[in-house]
Amino acid sequence: GQCVAVCPTAALTENNDIHKVWREINNPNKHVIVQVAPAIRVAVGELFDMPPGSISTGKLATSLKRLGFDAVYDTDFAADLTILEEASELVHRIQHGGTLPILTSCCPAWVQFFEHQYPDMLDIPSTCKSPQIMFGAIAKTYYAEKKGIDPKDIVVVSVMPCIAKKAEAKRTELSHHELQNVDYVLTTREYGLMLKEACIDFANLPEGDFDHMLGESTGASVIFGTTGGVIEAAARTAYEWLTGETLEQVELTQLRGLDGIRSGKVQIGDLELNIGIAHGLGNARKLLDCIKAGECNFQAIEIMACPGGCIGGGGQPYHHGDMEIIRQRQIAIYQEDRNKTKRKSHENQEVLDLYDKYLGKPYGEKAHELLHTHYVPKEKI
Ligand code: SF4
């Protein structure tokens with residue numbers, strides 16, 4: 001059957017917070033909300049004997065509701081928000097002679113690596129917090145205010161494809177008013193365990209939907225789950241902002257694939273944006289060394305620590321290095337993008353409402369206070 005006994009040794013291997021999350025859900029004084037990262041929906045089904053590449057977005061929403069969370073939201077919403085900030089930063093750097101290339105900053109393993117290995121290049125990464133942290137920041141400010149709940153009584157749980165996201169949630173420079181933006185991080189595997197503890201037959205669940213206010217998402221946010229996706233999403237928005245024209249060909253296929261290091265050009269009016277992409281830390285090092293040596297000339301770079309990006313994350317169902325499984329998950333990510341009517345982050349109405357009612361302008365003062373961070377040089381290890 002689907003039910004399992006809780007394995008006590010899991011706590012030793014993955015700093016498992018499942019029991020703490022159950023306790024919060026069962027505490028009537030807490031408002032417990034959950035976010036799920038883009039890469040989860042194309043992988044979690046494998047834990048329930050669904051084939052790799054199954055898209056389970058609707059089942060995921062239903063399963064989260066059945067577990068008893070007070071509200072069920074989507075990190076994709078925050079990925080769209082991240083793109084509004086990151087594309088603004090890119091445009092700002094281009095127009096004001098800022099440092100280029102800009103580097104994506106949503107992978108905490110990569111950020112950590114960078115702080116240790118390239119302390120002299122800390123002006124390159126985008127100052128944007130990652131989508132998971134942006135989500136928490138908005139949950140404990142805007143959302144708390146709208147719902148009339150004391151932020152101290154809001155518990156934010158993340159379901160992430162990633163073990164490094166647990167450490168990211170604890171970084172003090174990412175907290176706000178001494179409140180941690182995200183309280184607990186569960187990996188995809190831990191989430192699957194929770195479902196099995198609750199005897200939820202995931203594969204046979206009906207399709208549900210995420211809640212509103214922090215739940216809408218576009219195709220651009222879904223592709224955050226794969227290598228090349230974050231920078232493609234940013235380019236879709238930067239294109240329309242810089243040219244004032246509609247981007248008809250939203251699929252920037254020149255940025256796609258599974259080669260460890262890739263590059264592609266995106267023509268934005270008169271500007272030719274040269275983009276570099278790496279996944280896996282060995283490849284990241286090669287790409288950065290090439291830039292440092294002045295041999296690679298990019299205006300934007302995306303780096304993800306895991307093979308394939310978050311679809312191949314360390315918290316996902318085990319794939320044992322089988323790139324065919326990663327490929328199936330990637331195909332599913334691009335399919336989910338095509339399934340969406342809105343495919344550009346700046347079309348996300350709930351994100352636009354957030355700016356309208358609370359944040360003001362993208363890359364403005366309030367957005368800086370809540371959604372941006374800084375990096376600290378760390379000793380080489
Ligand atoms: Fe986490 Fe890997 Fe994704 Fe980086 S690439 S955010 S380490 S799952």
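Residues numbered from 1 in each chain as written. Predicted model: local features only at pLDDT ≥ 70, side-chain atom pairs only at ≥ 80, totals over all residues. Heavy atoms only, no water.

Sorry if this is basic, but what is going on with empty space enclosed by the protein here?
A water-sized probe, rolled over the atoms, reveals where empty space remains. This model, assessed by the stated rule, comprises three cavities of 30 Å³ or more. In this model, the largest cavity occupies a volume close to 90 Å³. Together, Ser 105, Pro 108, Val 111, Cys 128, Lys 129, Ser 130, Glu 168, Arg 171, Leu 174, Thr 373, His 374 and Tyr 375 line the largest cavity. (1 Å grid on protein atoms, 1.4 Å probe; cavity = no way out; pocket = protein on both sides within 12 Å on 5 of 7 lines; lining within 4 Å. Points joined across faces, edges and corners; volume = space filled by probe spheres on them.)

Help me out: how do you make sense of the sheet that holds strand E7 (residues 271–279) in this one?
Hydrogen bonds between backbone atoms are what pair the strands of a sheet, whose relative direction is either parallel or antiparallel. If you walk across this open sheet you meet the four strands as E3-E8-E7-E6, and the pairing is mixed. Strand pairing shows two members of the sheet lacking a second neighbour, strand E3 (102–103) and strand E6 (261–268), which therefore form its edges. Where helix H10 (residues 229–243) meets the sheet, its contacts fall on E6, E7 and strand E8 (300–304), and the angle it forms with E8 comes to roughly 155°. (Pairing = 2+ DSSP bridges. Helix = DSSP H or I, 4+ residues; strand = E, 2+ residues; numbered from the N terminus. Contact = heavy atoms within 4.5 Å. Axes fitted to C-alpha atoms, helices over the stretch in contact; angles between N-to-C directions.)

I keep staring at the state of the cysteines and nothing clicks. Help me out?
As used here, a disulfide is simply a covalent bond connecting the sulfur atoms of two cysteines. Applying the stated criterion to the full structure yields one disulfide. Two residues share a disulfide in this structure: Cys 290 and Cys 296, whose sulfurs sit 1.7 Å from each other. Between Cys 290 and Cys 296, the disulfide has an S-S torsion of 80° and is therefore right-handed. Among the residues examined, Cys 290 registers a relative accessible area of 18% and is labelled buried. In this structure Cys 106 is not part of a disulfide, and its nearest cysteine sulfur, from Cys 310, lies 6.8 Å away. Its relative accessible area of 9% is what places Cys 106 among the buried residues. (Disulfide = S-S within 2.5 Å. Buried < 20%, exposed > 50% of the residue type's maximum accessible area, 1.4 Å probe, protein only.)

Looking at this structure, I do not really get the pattern of salt bridges. What am I missing?
Any two side chains of opposite charge can pair if their charged atoms end up close together. Evaluated as defined, the whole model comprises 24 salt bridges. A salt bridge links Arg 327 to Glu 324; the nearest nitrogen and oxygen atoms lie 3.0 Å apart. You can see Arg 327 and its partner Glu 324 sitting in helix H12 (residues 323–339), three residues apart, about one turn around the helix. For Glu 324, a relative accessible area of 36% puts it in the partly exposed group. Counted as one network, the salt bridges with shared partners bring together Glu 232, Arg 236, Glu 251, Arg 256, Asp 337, Arg 338 and Arg 343. (Salt bridge = Lys/Arg side-chain N within 4 Å of Asp/Glu carboxyl O.)

So what exactly am I meant to see when it comes to helix H13 (residues 349–359) here?
Note: α-helices contain 3.6 residues per turn, so residues at a spacing of three or four share the same orientation. Among all positions in H13, only Glu 350, Val 351, Leu 354, Tyr 355, Tyr 358 and Leu 359 are buried. When H13 is viewed along its axis, its buried side chains cluster within an angular range of 150° and face the same direction. Across from the buried face of H13, at angles greater than 90 degrees, the exposed residues are Asp 356 and Lys 357. At its buried positions, H13 is contacted by helix H4 (75–95), helix H6 (131–147) and helix H14 (365–371). Its side-chain oxygen 3.0 Å from the backbone nitrogen of Glu 350, Asn 348 forms the N-cap of H13. Just past H13, the residue Gly 360 takes up positive phi, approximately 80°. (Arc of directions from axis to C-beta. Polar contact = N/O pair within 3.5 Å; in protein donor to acceptor, adjacent residues only side chain to side chain.)

When you look at the sheet that holds strand E1 (residues 31–36) in this model, what are you seeing that I'm missing?
The strand order across the open sheet built from four strands is E2-E1-E4-E5, with neighbouring strands paired in parallel fashion. A strand with exactly one partner marks an edge of an open sheet, and here the two such strands are strand E2 (71–74) and strand E5 (184–187). With strand direction ignored, the average angle separating the axes of adjacent strands in the sheet is 25°. Here four bridges tie E1 to E2, and the two strands are oriented parallel to one another. By the bridge assignment, Ile 33 is partnered in E2 with Ala 71. Contacting E1, E2 and strand E4 (154–160), H4 runs over the sheet at an angle of about 40° to E2. Helix-sheet contacts for helix H8 (residues 188–197) involve E4 and E5, and the interaxial angle to E5 is about 85°.

What exactly am I supposed to notice about the packing of aromatic side chains here?
The description of an aromatic ring pair rests on the distance of the ring centres and on the angle between the ring planes. The full count for this structure, using the stated rule, is seven aromatic pairs. Ring centres of Tyr 73 and Tyr 143 lie 5.6 Å apart, and the angle between their planes is 80°; this geometry places the pair in the edge-to-face category. In this pair, Tyr 73 sits in strand E2 while Tyr 143 sits in helix H6, placing the two residues 70 residues apart along the sequence. Accessibility assignment for this pair places Tyr 73 and Tyr 143 in one class, buried. (Phe/Tyr/Trp six-rings, centres within 6.5 Å; stacked < 30°, edge-to-face > 60°.)

What is the right way to look at the packing of H4 against H10 in this model?
Think of two packed helices as two axes; the pair is described by the angle between the axes and how far apart they sit. At a closest axis distance of 9 Å, the pairing of H4 and H10 adopts a crossing angle of 60°. By the criterion of interaxial angle, the relationship of H4 to H10 is oblique. In the crossing of H4 with H10, the sense of the turn from one axis to the other is right-handed. Counting all contacts with H4, which are made through Ile 83, Leu 84, Glu 86, Ala 87, Ser 88, Leu 90, Val 91, Ile 94 and Gln 95, the residues of H10 involved are Val 230, Ala 233, Ala 234, Thr 237, Ala 238, Trp 241 and Leu 242. (Parallel < 35°, antiparallel > 145°, perpendicular 65-115°, else oblique. Left-handed = near helix turned anticlockwise from the far one by under 90°.)

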